[in-house]
Amino acid sequence: MKNNFLFLLFLASFFVIAFRSGASANQLAVELSSNQVQINTGFNGIDLLLFGTTNGADDIIVVIKGPPETNLVRKKSRVAGVWANTEKVLIKNTPNFYAVAATRPLDQISNKSILHAHEIGIENLSVSIPEEKRKSSNTTFNDYRQALFRLKSRLGLFIIQPLKINLIQNQLFKTEIHFPPNMSTGTYMAQIYSFKKGTLVDTINKLISVEKVGLGAEVFGLAHKHSALYGILAIFIAVASGWIAAIIFRKV
Amino acid sequence: MHIYLPIAEMSVNIFLILAMGGGVGFLSGLFGVGGGFLMTPLLIFIGVPAPVAVGTEANQIVASSVSGVLAHWRRGNVDFKMGGVLLMGGFAGSSAGVALFKYLQFIGQIDLVIKLCFVIFLGIIGALMFWESIRTIIRSRNPASRRSKLHQHNWLHGLPLKVRFRKSKLYISAILPFSIGAVVGVLSAIMGVGGGFIMIPAMIYLLGMPTSIVIGTSLFQIIFVTANVTFLQAVTVQTVDILLAVLLLAGAVVGAQFGSKYSVRMKGEQLRALLATMVLGVCVKIVFDLVVIPVDLYSLTPVLGG
């Protein structure tokens, strides 16, 4: 049902663009299957469909970024036979989620400086690592940066390999992005770029808001805003259920 | 079927959690132990962040101890006076333990310390229990061997602040149970366990309490110590996941009933040998994880408010 509706929307936008006369060249129009993600108790990740039209662009790139976060990346080394955290680096301003989708490999679409300027592609993502924390160890900051990307990708939060975008007759395109269940809440941004002969011709931004709803949201809110009450509630639930269990099984 | 855990911030299979609760509940019913020493490592193995595993497991132990203590209470097997002194120590110890937990988390060594604590205590208790049960099994085949005294008097009985514990038939210094309570309290906060596996041997061998009231009294004080840990973890680090605790609990309650029915069919020393083997097994697994080269030398900790 929902998919049928999306398909109709998709077709409708196609006709609007196809029969539009004298429209300014390369103008992008983009829609998302949803711009509001709700994390409820049954949440197990979500696939968002992004589709749009362009007027004769050669290539489309979509970059999706989650809200910024700060990470402490720790490195283990062997201490007295066991592996213990011995070094750490604070990496600020990394997006919580990062994915790229493109019609072709990124380096074939445009040149390095354009990609770098727009932080397109994981290697062009700027992360700030404080210089003063440089230690005598031979670990370089690039190692930490690579470790961050690797660990985030293992969590499903960074998509290292660009996803595929289908561009039909240089007019219609769509792509699907999977968000894992451990995605964080906040505002995500989808940045859509259209290229013609390697030059950036148009760009458009779409926002996606991700929030917790229902029982889970209330539990989380209570735990963080009224943590003393939450603690008492947790104990009360435990005592009550332990007591009830004892009564039930006494009669069995 | 998946369920999203609001505090652990992950999606888990609801049946996996129920099965884990049931399995550990079965073992705890079978052996008469809390099961925290198995559940906390298991939760960490399936990807629950270590602090959430510890905080949530403390919450679950409150429930299983309440349900366990009622049966012992009805039979009059709880020494409330002794339990009171133990839990005063437990309050002090677990409060200090939660503060220590927070500090260790800050300096990035909490995972290591949790694992080292498990290795040390599971190793010692497992080895002692194993040795003890093997000796009993051998002795039962050779009935001519001598029996040891009920309990020995040593320097510990010379400490001041002596109190009479009528139910335990003891006249000993209150400092002793207080200190035991405090030490177990610290471990309870750091390891997310009730601490029965340390408390019970300490009560029997150090205090010389009669074995009949040891389990009930231990459960009685575990309720309050784990409740204190739950409360303090909820307030200081917000790592108690009520939803996860309720799921584990539902499985554990059912599992424990089957376990306790099954335990009647087995001999005490055989049970102890089996439990000792399992304790040592968990211990070896953790040692292995600590010593073998990790999958990734790097690890990630999101910084809140960063």
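Scroll up for the structure.
Residues numbered from 1 in each chain as written. Chains lettered and ligands numbered in written order. Predicted model: local features only at pLDDT ≥ 70, side-chain atom pairs only at ≥ 80, totals over all residues. Heavy atoms only, no water.

**Some words on the overall build of chain B**
When its secondary structure is counted, chain B shows 10 helices and five strands. Its C-alpha radius of gyration of 20 Å places chain B within 12% of the 19 Å reference for a compact globule of 306 residues. C-alpha atoms of chain B, sized along the principal axes, occupy 65 × 45 × 40 Å. Expressed as a percentage of its 306 residues, the buried residues of chain B come to 53%. A separation of at least 24 residues holds for 75% of the contacts in chain B among residues at least 6 apart in sequence. (Helix = DSSP H or I, 4+ residues; strand = E, 2+ residues; numbered from the N terminus. Rg over C-alpha atoms; globule rule 2.2 N^0.38 Å. Buried < 20%, exposed > 50% of the residue type's maximum accessible area, 1.4 Å probe, protein only. Contact = heavy atoms within 4.5 Å.)

**Describing the sheet that holds strand β2 (residues 36-39) of chain A**
Residues and elements named next belong to chain A. Within the open sheet, the six strands sit side by side as β2-β12-β11-β4-β7-β8. Their pairing is mixed. Of all strands in the sheet, those with a lone pairing partner are β2 and β8 (163-164), marking the two edges. Note that strand β11 (residues 186-196) and strand β12 (residues 199-212) share 11 bridges and pair antiparallel. Along β12, the bridge assignment pairs K196 with T199. (Pairing = 2+ DSSP bridges.)

**A closer look at the pattern of salt bridges**
Under the counting rule described, the total for this entry stands at eight salt bridges over all chains. With a closest N to O distance of 2.7 Å, K212 of chain A and E9 of chain B form a salt bridge. Here E9 of chain B lies in the loop between β1 (2-5) and β2 (10-13) and K212 of chain A lies in strand β12, a pairing that spans two chains. The buried category is assigned to K212 of chain A, whose relative accessible area is 15%. Across the pair R135 of chain B and E132 of chain B runs a salt bridge whose closest N-O atoms are separated by 3.7 Å. Of this pair, R135 of chain B and E132 of chain B are both found in helix α5 (residues 110-141), three residues apart, which corresponds to roughly one turn of the helix. A relative accessible area of 36% places R135 of chain B in the partly exposed class. (Salt bridge = Lys/Arg side-chain N within 4 Å of Asp/Glu carboxyl O.)

**Let's talk about the sheet that holds strand β5 (residues 298-303) of chain B**
Pairing is antiparallel in the open sheet, where three strands are placed in the order β6(A)-β5(A)-β5(B). On the outer flanks of this sheet lie β6 (82-95) of chain A together with β5 of chain B, each paired with one strand and no other. Neighbour-to-neighbour, the strand axes of this sheet turn through a mean angle of 25°, independent of strand direction. Here strand β5 (residues 68-79) of chain A pairs with β5 of chain B via six bridges, running antiparallel. Of the residues in β5 of chain B, the one forming a bridge with K75 of chain A is Y298 of chain B. (Axes fitted to C-alpha atoms, helices over the stretch in contact; angles between N-to-C directions.)

**Some points on the interface of chain B and chain A**
The partner chain A presents 58 residues to the 51 residues of chain B that form the contact. Of the roughly 4,700 Å² buried between chain B and chain A on both sides combined, carbon and sulfur atoms contribute 65%. Among the residues of chain B in contact with chain A, Y4, Y298 and L300 of chain B are the three that bury the most area, contributing 17% of the side total. Its salt-bridge partner being R150 of chain A, residue D296 of chain B comes within 2.7 Å of it at the nearest N-O pair. Across the contact surface, chain B and chain A share 18 residue pairs in polar contact (both at pLDDT 80 or more). Residue assignment for the side of chain B that touches chain A shows that the elements contributing at least two residues are β1, α3 (50-74), α4 (80-106), α8 (211-236), α9 (242-263), α10 (268-291) and β5 of chain B. The greatest single-element share of the side of chain B that touches chain A, amounting to eight residues, is contributed by α9 of chain B. Here the residues of the side of chain B that touches chain A sort into 33 nonpolar, 13 polar and five charged. (Buried area = accessible area lost by both parts, 1.4 Å probe. Polar contact = N/O pair within 3.5 Å; in protein donor to acceptor, adjacent residues only side chain to side chain. Nonpolar A, V, L, I, M, F, W, Y, C, P; charged D, E, K, R; others polar.)

**So, the pairing of strand β4 (residues 170-173) of chain B**
Regular strands have side chains that alternate between both faces of the sheet. Residues and elements named next belong to chain B. Here strand β3 (residues 162-165) runs beside β4; their pairing, made up of four bridges, is antiparallel. Counted as the bridge partner of K162 is S173 from β4. What sits between the antiparallel neighbours β3 and β4 is a turn of four residues, in which K169 has the positive phi angle 55°.

**Notes on the pairing of β2 of chain A**
All names here are of chain A. Here β2 shows one buried face, formed by V37 and I39, and one open face, formed by Q36 and Q38. As judged from the four bridges shared by β2 and β12, these two strands associate in the parallel manner. Paired with I39 across the bridge in β12 is K212.

**What about a nonpolar patch on the surface?**
On the surface, a nonpolar cluster with roughly 420 Å² of combined accessible area is contributed by W243 and I247 of chain A together with W73 and F80 of chain B. For F80 of chain B, a relative accessible area of 38% gives the class partly exposed. (Patch = residues over 30% accessible without salt bridge, like charges linked within 9 Å, V, L, I, M, F, W, Y side chains within 5 Å. Areas by Shrake-Rupley, 256 points an atom, 1.4 Å probe, with all protein chains shown as cover.)

**Regarding unusual backbone geometry**
The backbone of E119 of chain A shows a phi angle near 55°, a positive value even though the residue is not glycine. With respect to the helices and strands, E119 of chain A occurs in the loop between α3 (112-117) and α4 (141-154). The backbone of K169 of chain B sits at a positive phi, close to 55°, despite the residue not being glycine. Of the residues examined, K169 of chain B reaches a relative accessible area of 67% and is grouped as exposed.

**Some thoughts on α3 of chain B**
Residue and element names in this part refer to chain B. End to end, α3 covers 36 Å across 25 residues, agreeing with the expected 36 Å (1.5 Å per residue, within 8%). Within α3, 19 of the 25 residues are buried, which leaves it mostly tucked inside the rest of the structure. Directly after α3, the chain includes G76, whose backbone phi takes a positive value near 70°. (Expected span 1.5 Å × (residues − 1).)

**Thoughts on helix α5 (residues 214-225) of chain A**
The end-to-end C-alpha separation of α5 of chain A is 16 Å, in line with the 16 Å expected for 12 residues at 1.5 Å each. Those residues of α5 of chain A that fall on the buried side of the exposure criterion are G216, V219, G221 and A223 of chain A.

**Re the packing of aromatic side chains**
Taken as a whole and judged by the stated rule, the model has 10 aromatic pairs over all chains. Between F43 of chain A and Y4 of chain B, the ring centres sit 6.1 Å apart and the planes meet at 80°, which makes this aromatic pair edge-to-face. Here the residue F43 of chain A occupies a position in the loop between β2 and β3 (46-53), and Y4 of chain B occupies one in strand β1, the pair thus bridging two chains. Accessibility classification places F43 of chain A together with Y4 of chain B in one group, the buried group. (Phe/Tyr/Trp six-rings, centres within 6.5 Å; stacked < 30°, edge-to-face > 60°.)

**A closer look at the nonpolar core**
F37 and L207 of chain B are the most contacted members of the largest nonpolar core, which totals 68 residues. With nine residues, α5 of chain B is the single largest residue contributor to this core. Apart from the residues within four sequence positions on either side, L207 of chain B is in contact with M82, L170, I172, L176, P177, I180 and A202 of chain B. Judged by nonpolar contacts, the second largest core, of 54 residues, contains L28, V62, Y144 and I165 of chain A. (Core = buried A, V, L, I, M, F, W, Y, C linked by side-chain atoms within 4.5 Å.)

**Description of the packing of helix α6 (residues 175-191) of chain B against α8 of chain B**
Residues and elements named next belong to chain B. Packing of α6 against α8 leaves a shortest axis separation of 10 Å and a crossing angle of 45°. Judged on the interaxial angle alone, α8 and α6 are oblique. The two elements α6 and α8 meet at a crossing, and its hand is right-handed. From α6, G185, S188 and A189 reach across to α8, where they touch V225, T226, V229 and Q233. Its residues assigned to classes, the contact of α6 with α8 shows three nonpolar, four polar and no charged. (Parallel < 35°, antiparallel > 145°, perpendicular 65-115°, else oblique. Left-handed = near helix turned anticlockwise from the far one by under 90°.)

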